[in-house]
Amino acid sequence: MNNETLIPDLAARIADLVREIMLEIRPRLVHAALSGKRGEQKNTRHSDNFLSEFDLWMHQRYKEALSEHIPSFVYASEEADPEVIGSDPEPDLCILVDPLDTSELAVRGLYGYTHIMIYSRTLARPVVSVIGDIFHHIQLYVGARDDEGIDRAYMVTADQTEYVLDRPSNASLSEALVTNYLMRPDARFVPLAQQSDFLTALSAPSTGDKKKGRIGVDFGSVSLCHVAAGLTDATIEFAKGFAIWDLAPGHYVLHAAGGSVIDLHGQPLSLDYGFDSLADIAAAMNPRQKFIAAGNASLADEILKTLRA
């Protein structure tokens with residue numbers, strides 16, 4: 001970050017680290033896209049997910065780079081079991097990392113994201129979250145707890161211009177752009193297409209006879225960051241659910257920006273992920289969470305009323 005950054009110190013240092021690693025990985029991914037050499041690996045941890053040599057490289061690169069900024073922490077990466085880094089056997093901080101999200105698209109040069117969330121086990125909540133967008137001008141979304149204990153959200157572009165995120169959408173459903181990770185035909189797209197009440201409500205006229213509602217595709221934590229920035233109005237996941245790596249970093253950014261994240265019973269999702277012990281952290285990596293994330297609570301509730309479980 002620049003010397004006059006608005007972002008609190010630890011978050012600014014992690015944001016710089018993410019920017020540095022994106023700069024390193026970007027030309028490798030472009031080469032993979034143009035050469036067709038995508039480095040696919042057998043995924044023994046998540047058999048239905050794409051895994052590349054680039055995921056594994058970033059997993060190791062982050063582990064080494066983070067230790068230069070934080071002496072001891074639990075490293076909870078998507079690509080390995082949680083492990084303690086440093087000399088403290090019970091460090092306060094747990095660092096959740098998805099090294100390369102949407103990697104099957106990243107190796108095609110289309111979309112690629114990277115997630116880091118720092119969680120304080122003492123506070124039982126996140127204190128820093130950084131989501132990096134590898135290929136676009138808007139490069140970073142940041143959530144951070146400041147010195148006064150207030151959560152704040154930011155967006156940073158490639159030229160290091162910083163924006164405070166505190167005015168997410170106030171749209172209603174009939175005028176909203178709602179996104180969903182709909183790329184998998186059987187597991188994601190078909191269940192979305194069957195949500196007839198939701199699609200009808202989204203297609204209703206909003207101003208006069210004009211139909212403004214739209215459905216779009218989005219990915220992992222960055223989908224919640226897009227809501228935080230007001231670039232989209234809501235994102236939904238009701239079919240399979242998101243793993244903690246894909247949801248938690250963006251959840252914190254949207255929380256800090258003032259948005260709403262609820263489960264399919266209408267209850268707000270807690271920022272306490274129960275990272276009490278190494279065993280608890282490992283167990284938290286397995287469940288999936290269904291949710292509605294919106295720029296305002298009214299829109300989240302409006303969407304919920306149209307969805308069929």
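Conventions used here
- Residues numbered from 1 in each chain as written.
- Predicted model: local features only at pLDDT ≥ 70, side-chain atom pairs only at ≥ 80, totals over all residues.
- Heavy atoms only, no water.
- 1 Å grid on protein atoms, 1.4 Å probe; cavity = no way out; pocket = protein on both sides within 12 Å on 5 of 7 lines; lining within 4 Å.
- Points joined across faces, edges and corners; volume = space filled by probe spheres on them.
- Nonpolar A, V, L, I, M, F, W, Y, C, P; charged D, E, K, R; others polar.
- Pairing = 2+ DSSP bridges.
- Helix = DSSP H or I, 4+ residues; strand = E, 2+ residues; numbered from the N terminus.
- Axes fitted to C-alpha atoms, helices over the stretch in contact; angles between N-to-C directions.
- Contact = heavy atoms within 4.5 Å.
- Polar contact = N/O pair within 3.5 Å; in protein donor to acceptor, adjacent residues only side chain to side chain.
- Buried < 20%, exposed > 50% of the residue type's maximum accessible area, 1.4 Å probe, protein only.

Visitor: What am I meant to see in the layout of surface pockets here?
Guide: Think of a ball as big as a water molecule: rolled over the atoms, this probe shows where empty space is left. Here the second largest pocket is characterised by a volume of approximately 260 Å³. If you go around the second largest pocket, you meet 14 residues; those closest to its centre are I244, L247, Y273, A284 and Q289. Residue composition of the lining of the second largest pocket, by class: nine nonpolar, three polar and two charged.

Visitor: When you look at the sheet that holds strand β4 (residues 83-85) in this model, what are you seeing that I'm missing?
Guide: Two pairing modes exist for strands in a sheet, parallel and antiparallel, and in both the strands are linked by backbone hydrogen bonds. Here eight strands make up an open sheet; going across it, the order is β4-β3-β5-β6-β7-β8-β9-β10 and the pairing mixed. The open sheet has two free edges, formed respectively by β4 and β10 (162-164), since each of these has just one partner strand. Mean inter-strand twist for the sheet, computed between neighbouring axes without regard to direction, equals 20 degrees. Sheet topology note: the strand β9 (residues 151-157)/β10 ladder contains three bridges and is antiparallel. Residue M155 lies in a different strand from β10, and its bridge partner there is Y163. Those strands touched by helix α2 (residues 53-66) are β3 (73-77), β4, β5 (93-101) and β6 (113-120), and its axis lies near 150 degrees from that of β5.

Visitor: Looking at this structure, how should I read the environment of H115?
Guide: Here H115 lies in strand β6. Residues H115 and G132, 17 residues apart in the sequence, show an inter-C-alpha distance of 6.4 Å. Not counting chain neighbours up to four residues away, the residues in contact with H115 comprise L96, V97, D98, D101, V130, I131, S221, V222, W245, D246 and P249. Within the structure, the side chain of H115 is placed 3.1 Å from the backbone oxygen of W245, a separation counted as a polar contact.

Visitor: Mind showing me how you'd approach unusual backbone geometry here?
Guide: Glycine aside, residues mostly have negative phi angles, and peptide bonds mostly take the trans form. The phi angle at A124 is positive, at roughly 60 degrees, despite the residue not being glycine. Here A124 shows up in the loop between β6 and β7 (125-133). Within the chain, Q160 stands out as a residue other than glycine whose phi angle is a positive 70 degrees. Relative to the helices and strands, Q160 resides in the loop between β9 and β10. Looking at Q160, the relative accessible area reads 32%, which means it is partly exposed.

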